[in-house]
Structure formats: C-alpha cells, structure tokens
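Observations on the model geometry
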Amino acid sequence: QQPVQSPQAVILREGEDAVINCSSSKALYSVHWYRQKHGEAPVFLMILLKGGEQKGHDKISASFNEKKQQSSLYLTASQLSYSGTYFCGLQGAQKLVFGQGTRLTINP
Amino acid sequence: SAVISQKPSRDICQRGTSLTIQCQVDSQVTMMFWYRQQPGQSLTLIATANQGSEATYESGFVIDKFPISRPNLTFSTLTVSNLSPEDSSIYLCSVGGADSPLHFGNGTRLTVT
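None of the values given here were measured: they were computed from a predicted structure.

Residue-level contacts link 20 residues of chain B with 19 residues of chain A. Summing both partners gives a buried area of about 1,500 Å² for chain B against chain A, and 60% of it is carried by carbon and sulfur. When the buried area of chain B at its contact with chain A is split by residue, B:Ser42, B:Leu43 and B:Ala98 rank highest and sum to 27% of it. Here chain B and chain A share 1 salt bridge between them. Notably, a salt bridge pairs B:Glu58 with A:Lys95, separated by 2.4 Å at the nearest N-O pair. Taken together, the connections running from chain B to chain A amount to 5 residue pairs in polar contact (both at pLDDT 80 or more).

Attention now goes to the sheet that holds strand 8 (residues 70-75) of chain A. Residues and elements named next belong to chain A. On the basis of which strands lie adjacent, the open sheet formed by 5 strands has the order 1-3-8-7-6 and antiparallel pairing. Each having just a single partner strand, strand 1 (4-6) and strand 6 (54-57) make up the two edges of the open sheet. Neighbour to neighbour, the strand axes of the sheet diverge by 15° on average, direction disregarded. As paired elements, strand 7 (residues 60-65) and strand 8 share 6 bridges and run antiparallel to each other.

Scoring rules and cut-offs
- Residues numbered from 1 in each chain as written.
- Chains lettered and ligands numbered in written order.
- Predicted model: local features only at pLDDT ≥ 70, side-chain atom pairs only at ≥ 80, totals over all residues.
- Heavy atoms only, no water.
- Contact = heavy atoms within 4.5 Å.
- Buried area = accessible area lost by both parts, 1.4 Å probe.
- Salt bridge = Lys/Arg side-chain N within 4 Å of Asp/Glu carboxyl O.
- Polar contact = N/O pair within 3.5 Å; in protein donor to acceptor, adjacent residues only side chain to side chain.
- Pairing = 2+ DSSP bridges.
- Helix = DSSP H or I, 4+ residues; strand = E, 2+ residues; numbered from the N terminus.
- Axes fitted to C-alpha atoms, helices over the stretch in contact; angles between N-to-C directions.

Now the structure itself:
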C-alpha cells in the first residue's frame, strides 16, 4: 500500500526550513528517503531501519516513529540545491513502495 | 555503490511497436527492479527480475505487455510491447533496497506517438 506524503508541494525562500511527512496505514519496518531533480533519476538520501531512529547529514535529517507509523524528513536552512521532489519509500516483501512525492521549490 | 548503465536514454516509438530497454550493473546482484514513472507521478514497481527464474510482476502489470529477461547476475532487459500513448513514461531499472539504498539507472524516457 502506497505511503502518504504531506505536503504535496512546498515553496520556500533560501534559508527557510521544511518538514516532509510520510505515513502508512501498515506497520513500518524501514523507511527510505530519496530526492529527484527534474530530468534525473532519484538519488538516495537515507534509510531509517528502526523505530526511534534519527539520522542526518549536512542540514537534512529524518526521524522514524514506528508507533505513529510515520517518518519525517527535516530540511533546515534550505539551499537552492535542495529543490526537487522528495519521495519516501516503505520496505516490504523485498520491494520498495514509494509515496506520491513532495515537490520542494527553493527560491533565492 | 553499484553503477548502473541503462539504455537507450530516450526513444520515440510508434504505436503498436515495442521497445526493449537494457540495464547493465557493474557488480553481481540477486534482484533487479523495474519501475515506471508516468509524467509528474511517483515511481511504480513493474516487476522484480531474478536470475534463473521468472520475473515477479506487480498487480496491474503482465508478462505479455512487459516481458523481462535476466540472463545473468549483471544484466536485465525490459520490453514494453504493443505500445500505446499511455505507455509514455520514464522507465528505470534499479538494484538494492531492503536494508540498503536503492540505486537507479538514469532512466529511459519513452514517448509513443
């Protein structure tokens, strides 16, 4: 079953923060996050493998709340290079099912 | 991480014809995944290609329309048959997943006229 992402689109000014949520009606075992720029293939950002886990690099981090069946991606002090569409992916039965995506636009 | 070469990068095909997409990985992998991304949409898994066995298709995708070959552990092909304009999409092969990152080829942009 496809995870639900919110919001569907965000427009920010450079330096602002954003949060993208990913939720599922089924129990979550692991959550992947990817970013896709226009005309390019998706690029892996991070995986969270267990409840309570938090990860981050640079100014992008994520959390995984297995009880709430939800993961969130945090982008702080956004840069122009953060623009793109972000997808969460839920792992199940040896395959990854992606959310519908969140389009992030960063303006100067 | 795996390096994936996918070709063609794009093609324009006529209705009723077929297109075969090739995917080459620089290391041996057990499973390869084929995704479709329709314009402005998310990625939808078409099938999982396993070496030495039939591909496993997702609901809504059938072998007659999307035959897949997996002759060895580094190569796979996806054919999109009997093309219609609704098949216009980006097709991506990928490897990895589960507890490791999923890596994608650069995709094949198919336009059906």
